[in-house]
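Residue-level listing of the chains:
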Amino acid sequence: MTPQAFRLPEGGRVSRDEPVGFVFDGVRYQGYRGDTLASALLANGVHMTGTSIKLGRPRGIFSAGVEEPNAVVQIEAPFPEPMLPATTVELFDGLVASGLPGQGRLSADPDPARYDAVHAHCDVLVVGAGPAGLAAAAAAARSGARVVLADDQPELGGSLLGTREVLDGCPAAEWAAEVGRALEAAPEVRVLRRTTVFGYYDDNHLVAVERRTNHLGPLAPAHLSRERVWRIRARRVVLATGAHERSLAFADNDRPAVMLAGSARAYVNRYGAVPGRRAVVFTTNDSAYAAALDLAAAGVEIAAVADTRPERGEWARRAEQAGIEVLTGHAVVGTEGERRIASVTVAPLDGGSPSGAPREVAADLLLVSGGWNPVVHLFSQAGGRLWYDAELGSFVPDSCRQAVDVAGSARGVFHLSGCLADGAAAGRRATEAEGFAVEEPLALPRAAEEPRSPALPVFVVPGPDGAGSATHFVDLQRDVTVADLARATGAGMSSVEHLKRYTTAGTANDQGKTSGVLTSGAIAHLLGVDVGALGTTTYRAPYAPVSFAALAGRDRGVLHDPVRVTALHDRHVALGALFENVGQWKRPWYYPREGEDMAAAVLRECRAAREGVALMDASTLGKIEVRGPDSGIFLDLLYTNMMSTLKVGMIRYGVMCRADGMVFDDGTVIRLAQDRFLMTTTTGNAAAVLDWMEEWLQTEWPHLRVHCTSVTEQWATVALVGPRSREVLGSLAPELAVDNDAFPFMAWRDTAVAGIGARVCRISFSGELAYEINVLPWDAPALWDALLGAGGRLGITPYGTETMHVLRAEKGYPIIGQDTDGTVTPQDLGMGWAVSKKKPDFIGKRSHSRPDTARPDRKHLVGLLPDDPAVLLPEGAHLIDSEVLPAPPVPMLGHVTSSYRSAALGRTFALALVRGGRDRIGERLYAPVGDHVVPVTVASPVLHDPEGTRRDG
Amino acid sequence: MLLIPCPWCGPRDEAEFHYGGQAHVPYPEDPAALTDEEWARYLFFRDNPKGPHPERWSHADGCRRWFNAVRDTSSNEILAVYRAGEPRPVIA
Ligand SMILES: [Zn+2]
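Residues numbered from 1 in each chain as written. Chains lettered and ligands numbered in written order. Predicted model: local features only at pLDDT ≥ 70, side-chain atom pairs only at ≥ 80, totals over all residues. Heavy atoms only, no water.

### Section: the coordination of the zinc ion
Residues and elements named next belong to chain B. With distances of 2.0 to 2.3 Å, the protein atoms coordinating the zinc ion are Cys6 (SG), Cys9 (SG), His59 (ND1) and Cys63 (SG). Given four donor atoms and angles of 105 to 115° at the metal, the environment of the zinc ion is assigned as tetrahedral. Accessibility expressed as a relative area gives 27% for Cys9, which makes it partly exposed. Cys63 gets classed as partly exposed once you look at its relative accessible area, which sits at 27%. (Donors = N, O, S within 2.8 Å, 3.2 Å for Na, K, Ca; no water. Tetrahedral: all angles 85-135°; square planar, octahedral: opposite > 155°, others 65-115°. Buried < 20%, exposed > 50% of the residue type's maximum accessible area, 1.4 Å probe, protein only.)

As structure tokens, then:
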């Protein structure tokens, strides 16, 4: 075929001096800059773009915009992108695409493009830059209000780009361009092109995506974001979102070259491409006549216009004057043609049904117009209600609680002069409502007054004898037919929401833009009810598909979540540590030496801590300073045990519960002064604990004179652990009396360590003699180096979180969040000793005497010793009391919460929550693992040094 | 995204706030004096109205203060905000 054989020699908004090469379904074609992929294909005579998802029927380009149900393509190059309507893909040199039956393919390679987001605030947001939107924005801008105008096309003008309408004697598109220039020049106006507003949320928060460089293809500059998400908070919104034309349900209404009439008009006028040589037009309303006349003017032979209306209106007379045959009271009842329409069959209508002799008309194009659906998606998302305008045959906006106005064809005003006036009025109302004075009203250009006669909405053209509707398609993208709907109504369904889910009508990625109202109309036809009473399905965001990459924006990779590292991070990296994520923190997990696997490294690190000296970075523990005269009272309410009696210079371990009595966090509290405490929290829970404290202080106990401050990052902490830790500390802290009497367990001292001001706490999370040395973060590397130096001859060994876990588990110290899950009380953990009997109240106390919390057979924390000392139980394994797995339901006794290899015990061991566990010590239980059962013996959770002889060295 | 008027900071995006459930459910004066059922009611039972609902909110990523708001649960409209400890305002 001749290249671009269907391109008009002139006219349209494409640049004929900028040819563009592209490939579709493996064939090389040429188009022009300004084309969409769809218009370029049509210019080359290509209608069919693929086959349908369910039935495999040939399908072609149906519309000229975002509503497209058929021509969904996979972009192959420059970067793969699935499921884009060809009608929205701007053509560029090097574009490679292919038709898609159904789902597309994501790239296996990471997307190299950048994406970002902008927050914007304005007085008036106008959505849509057709005649109504432009008039609204221009009217609003005159007042000095901050205006954002967003439109999804590369050029402003909306429908004016696709018609030959005239304003003040000039082409209407010129007026649009002029208004656009004036808006761009206004200081308080922002014009966003290629920007689709896809979500309308509470309090006038709207979200849009701007396609910034997609249209440049391989030439897109890498430093620019490809797409940008706009989060716009607007005081007032004017929706000028236009209308989508809809089809009708008649036999074989899905073949390639069946096209919406207004879209064909746009292809001719905007793109200079004729979608066929000989067309039949099928309409229920006036608008298709303008399309027919524009196509005829472009040289397309209009074989006939079939108009469902019996009367011959003014538009019909105009068509006849142009030599077009108009068949009033007629409908299309069928089509022929494989990869493209070859002929169209028309028949007279009688009482809504075909009657009389059908007539076959040869044609390669069928234009249809079943009426226009105002684009009410955003209005509906905003919470706006709709009503059914029977004359228009569509749903139009009613009221909305949000500050939103709808203008132009989006509210059913379909003539140009009306749209202009409607938009200008909406723009003025919006600014006046926000207190902006407008001097004189916007002067609007004059549009020709076109004749108007009422539409006759028809949704279904019944087949012969009212039977057979298996090719009467309502949803082209989901292959849903009137017959499918009839099956659903036949099964007793009568709600559109039920029918949608049963038939999948409207659930494809076009979200039923062209099919939704048609589906409602067809259901109403089947049920013999009023469309208005039936209603529509719910419109939900996004209005059009949005890529996850755009939504993610810059929050990808390392920017996905903040990464927190301690002051010693570089030291850990230099020592070859592997890291574990704990909340947002990177913590050293273990420090493998050459040839060591994790198990070997952890056994070595454990041995060092138990037999010599080891050190760990404990800086990530949450730290909260609590100050004020009532701090003791507050901590007594917060913790299960007594904190107010703690002496200055001493430390106490504490547990805190939720009001339901379940353990929430644990840590240590040190008393710095009479009115000043420093508490630690688990690493991952620091923010939640501070929030918890603030909540009680502000909402329940505002009379307490207490202030809480996070100081997690104000202190770096090194744990110095092991029987020889005292030697190391002593050698570095000459001013500190390190003997056990002068510096007992659970005491703290301020002193200099290696010449660095430090607070040393005698705390042990391993059961060994241990010190936690706190310094200012910038002193931490020097402290770390000094400790490594001083302990070098003793084989001082850095250890990570895995060794920390093994050491604490050998001592039965639970990790909140690992050995507990929000259903575990301190008593369940065997920590009744940490729950005060003396205090009149603390958070959770009352719950500990609830019948369920006081049950003797609750799950207790116990130790488990596998019979085979080499078997490592998987954490999460369930426990049962029979050697053979019984038939379901299997009675579960509990589960493994922690499981390790122990150097000190010379075997594996685990911690578990077991029903009535403390009364089962010595009993044999079984853990089903895979297809076998592991026998274990229940033991005390404290497996190492149960007498606690090691903590004083 | 609601626009929530913090009584201390003014209107801010919902994402800055933390929701704290029904307001005016005070911690009992003397929990020990309550029956199990009364205590369970405090712990586990909350209203779930369609319409105005007094709620606790915390401006977690802002001033970090707790306050109360009356929100219409059917429209998401915030009808009033007031500081913690103040009585629920009468809404016409
Ligand atoms: Zn605030």
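### Description of the packing of helix H4 (residues 261–271) of chain A against helix H5 (residues 287–297) of chain A
Residues and elements named next belong to chain A. Axis separation between H4 and H5 bottoms out at 8 Å; the angle between their running directions is 30°. Pair H4 / H5 crosses with left-handed handedness. Each of Ala261, Ala264, Arg265, Val268 and Asn269 in H4 lies in contact with H5, whose residues at this interface are Ala288, Ala290, Ala291, Asp294 and Leu295. Considered class by class, the residues forming the contact of H4 with H5 number seven nonpolar, one polar and two charged. (Axes fitted to C-alpha atoms, helices over the stretch in contact; angles between N-to-C directions. Helix = DSSP H or I, 4+ residues; strand = E, 2+ residues; numbered from the N terminus. Left-handed = near helix turned anticlockwise from the far one by under 90°. Contact = heavy atoms within 4.5 Å. Nonpolar A, V, L, I, M, F, W, Y, C, P; charged D, E, K, R; others polar.)

### Some remarks on the UniProt feature "domain: Aminomethyltransferase C-terminal" (unreviewed entry) in chain A
With numbering matched to this structure, UniProt assigns "domain: Aminomethyltransferase C-terminal" (unreviewed entry) to residues 859–945 of chain A. Helix and strand shares over residues 859–945 of chain A are 0% and 48% respectively, and the end C-alpha atoms of the span are 24 Å apart. (UniProt positions renumbered as here; feature names shortened; annotations may be inferred.)

### Some details on the environment of A:Gly435
Structurally, A:Gly435 is set in the loop between helix H8 (416–433) and strand S30 (473–475). Judged by its relative accessible area of 63%, A:Gly435 falls in the exposed class.

### What to know about the pattern of salt bridges
Within the structure shown, the criterion is met by 57 salt bridges over all chains. The partner of A:Glu90 in a salt bridge is A:Arg194, with the nearest N and O atoms 2.5 Å apart. Here the residue A:Glu90 occupies a position in the loop between strand S6 (81–85) and strand S7 (95–99), and A:Arg194 occupies one in the loop between strand S12 (189–192) and strand S13 (195–201), the gap between them amounting to 104 residues. Of the charged contacts, one joins B:Glu55 and B:Arg71 as a salt bridge, the two residues approaching to 2.7 Å between their closest N and O atoms. Taken as a pair, B:Glu55 in strand S4 (residues 52–58) and B:Arg71 in strand S5 (residues 66–72) lie far apart in primary sequence, 16 residues in all. (Salt bridge = Lys/Arg side-chain N within 4 Å of Asp/Glu carboxyl O.)

### Remarks on the interface of chain A and chain B
Each partner contributes residues to the interface: chain A has 25 residues there, and chain B has 23 residues. Carbon and sulfur atoms make up 48% of the surface buried where chain A meets chain B, a total of about 2200 Å² over both sides. At the boundary of chain A with chain B, the tally comes to four salt bridges. Put simply, A:Asp691 and B:Arg64 hold a salt bridge, and the shortest N to O gap is 2.7 Å. On the surface where chain A and chain B come into contact, there are 18 residue pairs in polar contact (both at pLDDT 80 or more). Ranked by residues supplied to the side of chain A that touches chain B, first place goes to helix H17 (residues 686–699) of chain A with seven residues. Classifying every residue of the side of chain A that touches chain B gives eight nonpolar, five polar and 12 charged. (Buried area = accessible area lost by both parts, 1.4 Å probe. Polar contact = N/O pair within 3.5 Å; in protein donor to acceptor, adjacent residues only side chain to side chain.)

### With respect to the sheet that holds strand S17 (residues 258–260) of chain A
Residue and element names in this part refer to chain A. Reading across the sheet, the five strands line up as S17-S25-S18-S19-S20 and stay open at both edges, with parallel pairing between neighbours. Since the sheet does not close on itself, it has two edges, and those belong to S17 and strand S20 (326–328), each with one partner. With direction set aside, neighbouring strand axes in the sheet form an average angle of 20°. Bridging between S17 and strand S25 (residues 365–369) involves three bridges; their strand directions are parallel. What sits directly across from Leu260, in S25, is Val368. Across the sheet, H4 touches S17 and S25, and the angle it forms with S17 is around 85°. On top of the sheet, H5 reaches strand S18 (278–283), strand S19 (301–307), S20 and S25; it is set at about 170° to S19, its chief contact. (Pairing = 2+ DSSP bridges.)

### A closer look at unusual backbone geometry
All names here are of chain A. Looking along the chain, the bond that leaves Ala77 and enters Pro78 is cis, with omega of 10°. For Pro78, the location among the structural elements is in the loop between strand S5 (72–77) and S6. Across the junction of Ala541 and Pro542, the peptide omega takes the value 0°, indicating a cis bond. Relative to the helices and strands, Pro542 is located in the loop between helix H12 (531–534) and helix H13 (548–552). We note that Arg194 has phi near 50°; this positive angle belongs to a residue other than glycine.

### Remarks on the nonpolar core
All names here are of chain A. Judged by nonpolar contacts, the single largest core of 79 residues is most densely connected at Phe22, Leu37, Phe282, Ile302 and Leu366. No other element matches the seven residues that H5 contributes to this core. When near neighbours in sequence (up to four residues on either side) are disregarded, Ile302 contacts Ala279, Val281, Ala292, Leu295, Ala296 and Ile324. Among the nonpolar cores identified, the runner-up in size contains 42 residues, and Cys761, Ala770, Ala809 and Tyr900 belong to it. (Core = buried A, V, L, I, M, F, W, Y, C linked by side-chain atoms within 4.5 Å.)

### A short note on helix H20 (residues 801–810) of chain A
Residues and elements named next belong to chain A. Counting buried residues along H20, 10 of its 10 residues qualify, which places the element largely inside the surrounding structure. For H20, every residue scored as buried is listed here: Thr801, Glu802, Thr803, Met804, His805, Val806, Leu807, Arg808, Ala809 and Glu810. Structurally, H20 contributes buried residues whose contacts are with strand S32 (578–582), strand S33 (585–590), helix H15 (598–611), strand S34 (614–617), strand S47 (894–902) and strand S48 (907–915). Within two residues after H20, Gly812 carries a phi angle of roughly 75°, on the positive side.

### Observations regarding the UniProt feature "domain: FAD/NAD(P)-binding" (unreviewed entry) in chain A
In this structure's numbering, the residues bearing the UniProt feature "domain: FAD/NAD(P)-binding" (unreviewed entry) are residues 123–383 of chain A. For residues 123–383 of chain A, the helix share is 23%, the strand share is 37%, and the end-to-end C-alpha distance is 20 Å.

### Let's talk about the pairing of strand S40 (residues 716–721) of chain A
Residues and elements named next belong to chain A. Most of S40 sits inside the fold, with six of its six residues counted as buried. Pairing between S34 and S40: four bridges, direction antiparallel. Looking at S40, one finds that Asp617 is bridged to Val718. Pairing geometry for S40 and strand S43 (residues 770–775), over six bridges, is antiparallel. Considered in S43, the bridge of Val718 is made with Ile773.

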